Amino acid sequence: MQYLTDVSAHRTSTGLNNRKLLMWAFLGSDVLFFGTLIATHLVYRGKSVSGPAEAILDIPVTSVSTFVLLMSSLAMVLALAAVQKGDISRGRFWLAATALLGMGFIGFQMFEFTEFAHEGLTPRTNLFGSTFLIMTGFHGAHVTVGILWLWSLFFASFNGKVRQDNSLDVEIAGLYWHFVDIVWIVIFGVVYLIGAYGVEETVHAGVGTLSALG
Amino acid sequence: MAHEIEMHENHPGPRQYVVIGVILAVLTALEVGAFLIEGVNPALMVSILLTLSFVKFALVVGYFMHLKFDDQRFLLLFVVPFIVMASILVALLALFQNLTR
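Residues numbered from 1 in each chain as written. Chains lettered and ligands numbered in written order. Predicted model: local features only at pLDDT ≥ 70, side-chain atom pairs only at ≥ 80, totals over all residues.

Chemist: An account of helix 1 (residues 14-36) of chain B is needed here, citing residue identities and associated values.
Modeler: Over its 23 residues, helix 1 of chain B extends 33 Å from the first C-alpha to the last, a length consistent with the 33 Å expected when each residue adds 1.5 Å. Listing the buried residues of helix 1 of chain B in full gives Y17, G21, L24, T28, E31 and F35 of chain B. (Helix = DSSP H or I, 4+ residues; strand = E, 2+ residues; numbered from the N terminus. Expected span 1.5 Å × (residues − 1). Buried ≥ 20, exposed ≤ 12 C-beta atoms within 10 Å, placed from the backbone.)

Chemist: Before we move on, could you go through the packing of helix 2 (residues 59-85) of chain A against helix 1 of chain B and cite the residues and values that matter?
Modeler: Across the interface, helix 2 of chain A lies against helix 1 of chain B with an axial gap of 10 Å and an inter-helix angle of 170°. One element, helix 2 of chain A, and the other, helix 1 of chain B, form an angle in the roughly antiparallel class. Residues I59, S63, T66, F67, L70, M71, L74, V77, L78 and A81 of chain A of helix 2 of chain A form the contact with helix 1 of chain B, whose participating residues are P14, Y17, V18, G21, L24, A25, T28, V32 and F35 of chain B. Of the residues assigned to the contact of helix 2 of chain A with helix 1 of chain B, the class counts are 15 nonpolar, four polar and no charged. (Axes fitted to C-alpha atoms, helices over the stretch in contact; angles between N-to-C directions. Parallel < 35°, antiparallel > 145°, perpendicular 65-115°, else oblique. Contact = placed C-beta atoms within 7 Å. Nonpolar A, V, L, I, M, F, W, Y, C, P; charged D, E, K, R; others polar.)

Chemist: Provide a residue-level description of the nonpolar core, including the pertinent values.
Modeler: Counting residues in hydrophobic clusters, the biggest one holds 75 residues, and the most contacted among them are I38, V77, L78, A79, V183 and I187 of chain A. Within the residue set of this core, elements represented by two or more residues are helix 1 (18-43), helix 2, helix 3 (88-118), helix 4 (127-158) and helix 5 (168-197) of chain A together with helix 1, helix 2 (42-64) and helix 3 (72-99) of chain B. Top element by residues in this core is helix 5 of chain A. It accounts for 19 residues. Lining this core are residues from two domains, each supplying at least three of them: domain 1 (12-69) and domain 2 (71-101) of chain B. Setting aside residues up to four positions removed in sequence, V77 of chain A forms contacts with G174 of chain A together with Y17 and F64 of chain B. (Core = buried A, V, L, I, M, F, W, Y, C linked by C-beta atoms within 7 Å. Domains from an automatic or database assignment.)

Given below as structure tokens:
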């Protein structure tokens, strides 16, 4: 299968497109950003002395929202493949599907945060509330930025600004979108599942496992 | 304006993307299924869940983000911070585990 893409209108000393290089550099820095938030949450896990904590997590609901975000990544890559083939209307459809699935994920997150607030968990309640809500809140903010970016591409496609020869615009948006997906894969696995399985023993077992791997 | 053209002939097609999407959904179901099993050794459970998460992570990065097919310098830009982050995570967990024991 062959796709043609306008890499750039300029030559670069690296031979790589500068915009794509910048996006990867940004994603590399964002790995450290989210790594810090996840590490902070994990080291304070099980240390809250008051208020609701780990047991409040709703695994069934979060499993569905995780599935929704994973499927949005699939829709995103299908949008890119369509635009790279020059099928703009199909690309537009998948861009809208990606944005709508992302909005669905944000809806689940708003539901989760509202439920937590009703049960008395806010960022000021305890260590769990602070670290968990800041971590997932920043992820939600990233998803929201991605949704705005996707809708801007969707509407730009009606003005002929999304074309086969500049599909790099969609590819870069896609890199960002897939990144928020992989961050959630880590949060869901490490924070929700491993965390909810049994706080103290799993964190300690996790350290042992990670140390053995390292 | 002379446009530099890059060929994407080595990227997967829509059919392969759908297959990867189905695999990701199945792996998520396996994660939740494993989580629901009671009485499993915590170390074994952590290993299973970490492995499943890592496979999902690698599939998205490798296929959906095309790192498996793109220039290796992009891979370097992503993997180096990831290794730094994972090292800091393990070090912090080990440190705090000892401090609070």
